[in-house]
Amino acid sequence: MLDSIHTRILVAVAILALAVGGSAAVPAGQALVVEDAETGEHLKQIPVQENTTVALEYTHSVEKTRVLDAYAVQDGKLVMTRMEFKSYGAGLPARANVTTENGSFVFDPEGSYEEFYVKPGRIAGHKLHVGENTYDLVALSDAQSVRLHVTQQSMLDAALH
């Protein structure tokens, strides 16, 4: 009788382990990962879907005007879809096909990135917009360089974040 109980417990534990392990391996969708560029520590993992907008907003260091770089999540990459800025300055497109909308210069740049790095600045006040949510990238990273990329997340990851 004792062997029968032990066998049932072992079978139950094995089934539970397979269920948990299986859910960790089954993809649930994509997530934008913000990680410390030097250590790789995950600072934030945000679930995203195809075509979710991911944008960086900051104050230009020389011009002291707002800049917005917008991307769309597509096939696990960040595809740049729009750049908005108030005045021309270092690092901003001077020879691009720029139009104006509501007092801002608007540019539809080319570019698809598997990852990119950002050095959030306290004066620049970098913000990260993901869909309808906004995150203070300076506070999140303590003004240290970060790597942003899209990854597949498992059902277990999705449940934990």
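Residues numbered from 1 in each chain as written. Predicted model: local features only at pLDDT ≥ 70, side-chain atom pairs only at ≥ 80, totals over all residues. Heavy atoms only, no water.

- Per an unreviewed UniProt entry, the chain carries the name C4-dicarboxylate ABC transporter and comes from Haloferax mediterranei.

**Notes on unusual backbone geometry**
Phase 1 of the analysis: For Asp75, which is not glycine, the phi torsion reads 50° and is therefore positive.
Phase 2 of the analysis: Considering the arrangement of structural elements, one finds Asp75 in the loop between strand S4 (66-74) and strand S5 (77-85).
Phase 3 of the analysis: If you check the backbone angles, Ala143 has positive phi at about 60° while not being a glycine.
Phase 4 of the analysis: Within the fold, Ala143 resides in the loop between helix H2 (137-141) and strand S12 (146-154). (Helix = DSSP H or I, 4+ residues; strand = E, 2+ residues; numbered from the N terminus.)

**Some details on the pattern of salt bridges**
Phase 1 of the analysis: Following the criterion strictly, the structure yields 7 salt bridges and no others.
Phase 2 of the analysis: Here Glu115 and Arg147 are joined by a salt bridge, their closest N and O atoms 2.5 Å apart. Of the two residues, Glu115 sits in strand S9 (residues 115-118) while Arg147 sits in strand S12, which places them 32 residues apart along the sequence.
Phase 3 of the analysis: Across the pair Asp142 and Arg122 runs a salt bridge whose closest N-O atoms are separated by 3.1 Å. Of this pair, Asp142 sits in the loop between H2 and S12 while Arg122 sits in the loop between S9 and strand S10 (127-130), placing them 20 residues apart in sequence.
Phase 4 of the analysis: Residue class for Asp142 comes out partly exposed when judged on its relative accessible area of 49%.
Phase 5 of the analysis: Among the charged side chains, a salt-bridge network with shared partners connects Glu57, Arg66, Arg82, Glu84 and Glu101. (Salt bridge = Lys/Arg side-chain N within 4 Å of Asp/Glu carboxyl O. Buried < 20%, exposed > 50% of the residue type's maximum accessible area, 1.4 Å probe, protein only.)

**Observations regarding the nonpolar core**
Phase 1 of the analysis: Formed by 26 residues in total, the largest nonpolar core has its most connected members in Leu32, Leu78, Leu128, Val130 and Leu148.
Phase 2 of the analysis: Breaking this core down by element, the ones donating at least two residues are strand S1 (27-36), strand S2 (42-48), strand S3 (53-59), S4, S5, S9, S10 and S12.
Phase 3 of the analysis: With 4 residues, S5 is the largest single contributor of residues to this core.
Phase 4 of the analysis: Leave out the neighbours within four places in its chain, and Leu128 touches Leu32, Val34, Ile46, Val54, Ala55, Leu56, Asn133, Thr134, Tyr135, Leu137 and Leu148. (Core = buried A, V, L, I, M, F, W, Y, C linked by side-chain atoms within 4.5 Å. Contact = heavy atoms within 4.5 Å.)

**Looking at the packing of aromatic side chains**
Phase 1 of the analysis: Here the structure, examined in full by the defined rule, presents 4 aromatic pairs.
Phase 2 of the analysis: For the pair Tyr71 and Tyr113, a centre-to-centre distance of 6.2 Å together with 75° between the ring planes defines the contact as edge-to-face. Placement of Tyr71 in strand S4 and of Tyr113 in strand S8 (residues 112-113) is noted, with a sequence separation of 42 residues between them.
Phase 3 of the analysis: Look at Tyr71 and you get buried, because its relative accessible area is 7%.
Phase 4 of the analysis: With a centroid separation of 4.8 Å and an interplanar angle of 25°, the aromatic rings of Tyr71 and Phe116 are classed as stacked. With a gap of 45 residues between them, Tyr71 in strand S4 and Phe116 in strand S9 connect regions that are remote in the sequence. A single burial state applies to Tyr71 and to Phe116, both of which are buried. (Phe/Tyr/Trp six-rings, centres within 6.5 Å; stacked < 30°, edge-to-face > 60°.)

**Here's the deal with the pairing of strand S7 (residues 104-107)**
Phase 1 of the analysis: Sheet topology places S5 next to S7; 3 bridges connect them, and they run antiparallel. Of the residues in S7, the one forming a bridge with Met83 is Phe107.
Phase 2 of the analysis: Relative to S7, strand S6 (residues 99-101) runs antiparallel, the two being bridged by 3 bridges. For Glu101, the partnering residue across the bridge sits in S7 and is Ser104.
Phase 3 of the analysis: In this antiparallel pair of consecutive strands, S6 and S7, the connection spans 2 residues, and Asn102 shows a positive phi of 50°. (Pairing = 2+ DSSP bridges.)

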